[in-house]
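# Summary of the model geometry
Spelled out from the first residue to the last, the chains are:
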Amino acid sequence: MTQAVRSDGRGTYHDDFRLSITKALGDQLARALKHLGRAPLADPYLASLDERPGVYQLYLHGEFVYVGKADKSLPGRLANHLQNRSGRRNVDLRDVTFSCLYVDEDFSALAPEQLLISHHKEMGEIPWNNNGFGNKDPGRQRDSTVLKENHFDVLYPIDLDRPVEGLKPGQIALSSFLTDRFRMRFGVVSSR
């Protein structure tokens, strides 16, 4: 007796089964993050986090806008976003909140950030991902790069008129100023 075969190569009593463990993990991560509360992206809340790796989500005015990861320190990575976004136009950091999950080291090989990005991109969410938000400053040709109209740097340009806090009148070496700012920000005791 011959079995009629459908055009895709499958029969009426046999078929392919594909188990996607990575999709299942991505869905579980997304559900776990969805059930968490949100905290303001501000130093007191970051200080309460453990220095551990993990994944996080950012929200602007309650709208889900970004998924990221921290390979070593969730508070460090979130503090980086706080510092780098504080000089932007069209975004008030008081309107940015976050939620995060600590992720064990052995899980990092499965790329939890990418699992979440894949999960949320399918639903048309996270407009800041793959759009210039999380990138480190590429430096070379940054000022001459043509950006799309929905790129993060176009929507939220750097505020060049923003006053620099802690800068006193007179001359100071940039390296000294930056060293002092780093020490103040991260509570490093001066050796001078």
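Notes on the structure in this doc start here. (Residues numbered from 1 in each chain as written. Predicted model: local features only at pLDDT ≥ 70, side-chain atom pairs only at ≥ 80, totals over all residues. Heavy atoms only, no water.)

### Observations concerning the nonpolar core
Of all hydrophobic cores here, the largest spans 23 residues; its most connected members are Leu46, Leu58, Leu78, Phe98 and Trp128. If you list the elements that add at least two residues to this core, you get strand E2 (54-60), strand E3 (63-70), helix H3 (74-85) and strand E4 (96-102). In terms of residues, this core owes the most to one element, H3, which gives four residues. With near-sequence residues (within four places) excluded, Trp128 lies in contact with Leu60, Val65, Tyr66, Phe133, Phe152 and Tyr156. (Core = buried A, V, L, I, M, F, W, Y, C linked by side-chain atoms within 4.5 Å. Buried < 20%, exposed > 50% of the residue type's maximum accessible area, 1.4 Å probe, protein only. Helix = DSSP H or I, 4+ residues; strand = E, 2+ residues; numbered from the N terminus. Contact = heavy atoms within 4.5 Å.)

### As for the layout of surface pockets
Estimated volume of the second largest pocket: approximately 220 Å³. Around the second largest pocket sit 13 residues that line it, and Ala30, Lys34, His119, His120 and Glu125 are the ones nearest its centre. Elements with a contribution of two residues or more to the lining of the second largest pocket: helix H1 (21-34), E2 and helix H4 (112-121). At five residues, H1 tops the list of elements feeding residues into the lining of the second largest pocket. Class assignment for the residues of the lining of the second largest pocket results in five nonpolar, three polar and five charged. (1 Å grid on protein atoms, 1.4 Å probe; cavity = no way out; pocket = protein on both sides within 12 Å on 5 of 7 lines; lining within 4 Å. Points joined across faces, edges and corners; volume = space filled by probe spheres on them. Nonpolar A, V, L, I, M, F, W, Y, C, P; charged D, E, K, R; others polar.)

### Comments concerning the environment of Ala30
Within the element layout of this structure, Ala30 appears in helix H1. Linking Ala30 and His120, residues 90 residues apart in sequence, is a C-alpha distance of 8.1 Å. When near neighbours in sequence (up to four residues on either side) are disregarded, Ala30 contacts Leu116, His119 and His120.

### Some words on a nonpolar patch on the surface
Residues Val164, Leu167 and Ile172 make up a contiguous nonpolar surface patch of about 260 Å² in total accessible area. Following the sequence through the fold, Ile172 ends up in the loop between helix H5 (152-155) and helix H6 (174-186). Residue Ile172 is classed as partly exposed on the basis of its relative accessible area of 45%. (Patch = residues over 30% accessible without salt bridge, like charges linked within 9 Å, V, L, I, M, F, W, Y side chains within 5 Å. Areas by Shrake-Rupley, 256 points an atom, 1.4 Å probe, with all protein chains shown as cover. Salt bridge = Lys/Arg side-chain N within 4 Å of Asp/Glu carboxyl O.)

### Examining H1
Its 14 residues give H1 an end-to-end C-alpha distance of 20 Å, which sits within 8% of 20 Å, the value for a rise of 1.5 Å per residue. Here H1 has its buried residues at Leu25, Gly26, Asp27, Leu29, Ala30 and Leu33. (Expected span 1.5 Å × (residues − 1).)

### A look at the pairing of E2
Most of E2 sits out of view: seven of its seven residues are buried. A two-sided burial pattern is seen for E2, the buried positions comprising Gly54, Tyr56, Leu58 and Leu60 on one face and Val55, Gln57 and Tyr59 on the other. Pairing between E2 and E3: seven bridges, direction antiparallel. If you follow Gln57 over to E3, its bridge partner there is Val67. (Pairing = 2+ DSSP bridges.)

### As for the pattern of salt bridges
For the structure shown, the criterion picks out three salt bridges. A salt bridge links Arg94 to Asp92; its shortest N-O distance comes to 2.6 Å. The exposure class of Arg94 is exposed, given its relative accessible area of 71%.

### Structural notes on the environment of Glu149
Tracing the backbone shows Glu149 in the loop between H4 and H5. Taking the relative accessible area as the measure of exposure, Glu149 reaches 72% and is therefore exposed. Among residues more than four places away in sequence, those in contact with Glu149 are Val154 and Leu155.

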